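# Residue-level structural notes
The residues making up each chain are set out below.
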Amino acid sequence: MSTQFEIRGLKSSIEGKEILKGIDLKIQGGEVHAIMGPNGTGKSTLASALMGHPKYEVTEGEVTLNGEDVLEMGVDERARAGLFLAMQYPSEITGVTNSDFLRTAINARRGEGNEISLIKFIRQMEGKMKELEMNPEFMHRYLNEGFSGGEKKRNEILQMMLLEPKLVILDEIDSGLDIDALRIVAEGVNAMRNEDRGFLIITHYQRLLNYVKPDHVHVMMQGRIVKSGGPELAERLEADGYDWVKEELGIVDETVGQA
């Protein structure tokens, strides 16, 4: 069955201040949706709220993945159900190797009695690292410790490729990447596109969307999706900025305080 992910009337606050003011979005398997917008409009808040970050309180709305209530799940349950977030600023974890972290994550999703064998895991990880042009030594490095910004982002895509989630959220995955790293990351994303997997790409810039062609583009301002269209919308935003959208909708101050 094709993946079905739906957000209905989602509102979220941080420390009592409402950031998301009613988000509606439906993503089907095989689709790539891009959310664009100026800084401070709630884009990264949306990603964090969907994954259950404790700092963000969901005050209203529904989120479902293949009919299951996502908001009733803990963070680990959301990951096991098939949600994946590639973070803008991945954490460094000393003492845990990249390979140990990834094998543990895979086995947590597969469940007891269905764990991946060590040999199969190593073969898969080595194969995906080769696709991403990553140094094999990164298997044995502590998770993200001493990684450059581009290496961390490739490592996020490596995790995505090995975990094979149903709904992928990419939060500013293109920030800090040079053109070669951007191409490699985009190729990794494109290799994962199929009808069993949907993508939500949060970005400021058109450049990633030159490599990963979106099916739908949404503009977010004041904690809401205020305009939607096809790939041509992203091209116009890149060329003309956001002022024309604000003028068209009569928006004076687009910021809500969070990215």
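These figures come from a predicted structure and were not determined experimentally. Position numbers for residues count from 1 along each chain, tracking the sequence in the order it is written. A pLDDT threshold of at least 70 governs which residues receive local features in this predicted model, and a stricter bar of 80 or more applies before side-chain atom pairs are shown or counted, although totals over entire chains, interfaces and linings include all residues. Where side-chain values are given, they derive from all heavy atoms of the structure, hydrogens and water being excluded.

## A closer look at the overall build of the protein
Rules: A run of H or I in DSSP counts as a helix once it spans at least four residues, and a run of E counts as a strand once it spans at least two, with each numbered from the N terminus. When we talk radius of gyration, it's over C-alpha atoms, and the globule rule is simply 2.2 Å times the number of residues to the 0.38. Any pair of residues with heavy atoms lying within 4.5 Å of one another is described as a contacting pair. Using a 1.4 Å probe, the Shrake-Rupley method yields the accessible areas, and only the shown protein chains count as cover for residues. Positive charges come from Lys and Arg alone, negative charges from Asp and Glu alone, with His and the N- and C-terminal ends not counted. Just so you know, the charge point we use is NZ for Lys, CZ for Arg, CG for Asp and CD for Glu.
Regarding its fold elements, the protein presents eight helices and twelve strands. Taken over the C-alpha trace, the protein has a radius of gyration of 18 Å; the compact-globule value for 259 residues is 18 Å, and the two agree within 12%. Across its three principal axes, the protein shows a C-alpha extent of roughly 60 × 40 × 35 Å. For the protein, long-range pairs separated by at least 24 residues make up 71% of all intrachain contacts whose partners lie at least 6 apart in sequence. Total accessible area on the protein is roughly 11,900 Å²; 46% of this is exposed by carbon and sulfur atoms. Counting 30 positive and 43 negative side-chain charges, the protein places the averaged centre of each group 2 Å from the other.

## Describing the nonpolar core
Across soluble globular proteins, nonpolar side chains show a tendency to be buried alongside one another. Cut-off, in case you're wondering: Nonpolar cores are built from buried Ala, Val, Leu, Ile, Met, Phe, Trp, Tyr and Cys residues. Side-chain atoms within 4.5 Å join them into one set. For every residue, the accessible area (1.4 Å probe, protein chains only) is compared with the maximum for its type, and the residue is labelled buried under 20%, exposed over 50%, or partly exposed between those bounds.
Counting 48 residues, the largest nonpolar core has M125, I157, L158, M160, L170, F199 and L237 as the members making the most contacts within it. If we ignore the near neighbours within four places in the chain, the residues touching F199 are I27, E31, V32, H33, M160, L167, V168, L170, V189, M192 and R193.

## Quick word on the sheet that holds strand β5 (residues 68–69)
Under the convention used in this document: A pair of strands is treated as paired once DSSP finds two or more bridges between them. Every axis corresponds to a line fitted to the C-alpha atoms, with the helix fit spanning only the stretch in contact, and the corresponding angles, defined between N-to-C directions, vary from 0 to 180 degrees.
Read across the sheet, four strands follow the order β2-β1-β4-β5 without closing on themselves; strand pairing throughout is antiparallel. With one partner strand each, in any of the chains shown, β2 (17–28) and β5 form the two edges of the open sheet. Where helix α1 (residues 43–51) meets the sheet, it contacts β1 (4–14), β2 and β4 (57–65), and its direction lies at approximately 110° from that of β1.

## Considering the packing of helix α5 (residues 149–163) against helix α6 (residues 179–191)
Quick note on the threshold: An angle counts as roughly parallel when it lies under 35 degrees, as roughly antiparallel when it exceeds 145, as roughly perpendicular when it falls between 65 and 115, and as oblique in every other case. We call Asp, Glu, Lys and Arg charged. Ala, Val, Leu, Ile, Met, Phe, Trp, Tyr, Cys and Pro are nonpolar, and the rest, Gly among them, are polar.
Remark: α5 packs on α6, axes separated minimally by 10 Å, with the N-to-C direction vectors making an angle of 10°. By the angle class used here, α5 and α6 are roughly parallel. Contacts from R154, I157, M160 and M161 of α5 reach α6 at A181, I184, V185, G188 and V189. Broken down by class, the residue content of the contact of α5 with α6 amounts to seven nonpolar, one polar and one charged.

## Looking at the packing of helix α4 (residues 118–131) against α5
This is how it is decided: Two helices that cross are described as forming a left-handed crossing if the nearer one is turned anticlockwise from the farther one by less than a right angle, and a right-handed crossing if clockwise.
Contact pair α4 / α5: the axes reach a minimum separation of 10 Å and the direction vectors enclose 135°. Viewed along their axes, α4 and α5 adopt a mutual orientation that is oblique. Note that α4 runs across α5; the crossing there is right-handed. Across the interface between the two elements, Q124, M125, K128, M129 and E131 from α4 touch L158, M161 and L162 from α5. For the contact of α4 with α5, the residue count by class is five nonpolar, one polar and two charged.

## Looking at the packing of aromatic side chains
Convention followed: Stacked, tilted and edge-to-face are the three classes applied to pairs of Phe, Tyr and Trp rings, where Trp contributes its six-membered ring and a pair requires centres within 6.5 Å; stacked means planes under 30 degrees apart, edge-to-face means over 60, and tilted covers the rest. Two limits define a charge over a ring: the Lys NZ or Arg CZ must be within 6 Å of the ring centre, and within 35 degrees of the ring normal.
Enumeration over the complete set of coordinates arrives at one aromatic pair. Sitting over the ring of F138, R141 keeps its end group 4.7 Å from the ring centre. Here R236 stacks its cationic end above the ring of W244, 3.6 Å away from the centre of that ring.

## What to know about the pairing of strand β12 (residues 224–229)
Examined bridge by bridge, strand β11 (residues 216–221) and β12 share five bridges and lie antiparallel to one another. Note on β12: the bridge partner recorded for V219 is K227. Between β11 and the antiparallel strand that follows it, β12, lie two residues; Q222 among them carries a positive phi value of about 55°.

## Here's the deal with helix α3 (residues 98–110)
In an α-helix, one turn spans 3.6 residues; hence positions three or four apart end up facing the same way. In plain terms, the rule: One less than the residue count of a helix, multiplied by 1.5 Å, gives the span that helix is expected to have. The arc refers to the directions leading from the helix axis to the C-beta atoms.
For α3, which comprises 13 residues, the first-to-last C-alpha distance of 18 Å matches the rise-based estimate of 18 Å (1.5 Å per residue) to within 8%. Buried within α3 are the following residues: N98, S99, L102, I106 and N107. Summarising the axial view, the buried residues of α3 lie within an arc of 150°, below the 170-degree limit, and thus occupy one face. In the core, the buried residues of α3 are packed alongside β7 (93–97), α4, β8 (142–143) and α5. Once α3 ends, the next one or two residues include G111, with phi positive near 90°.

## Details of the sheet that holds strand β6 (residues 83–86)
Across the sheet, which stays open at both edges, the six strands sit in the order β6-β9-β10-β3-β11-β12 with mixed pairing between neighbours. Of all strands in the sheet, those with a lone pairing partner are β6 and β12, marking the two edges. Averaged over all pairs of adjacent strands, the angle between their axes in this sheet comes to 20°, without regard to strand direction. Both strand β3 (residues 32–36) and β11 contribute to a ladder of four bridges, which runs parallel. Among the inter-strand pairings, A34 is bridged to a residue of β11, identified as V217. Against the sheet, α1 contacts β3, β6, β9 (167–171), β10 (198–202) and β11, and its axis sits at roughly 140° relative to β6.

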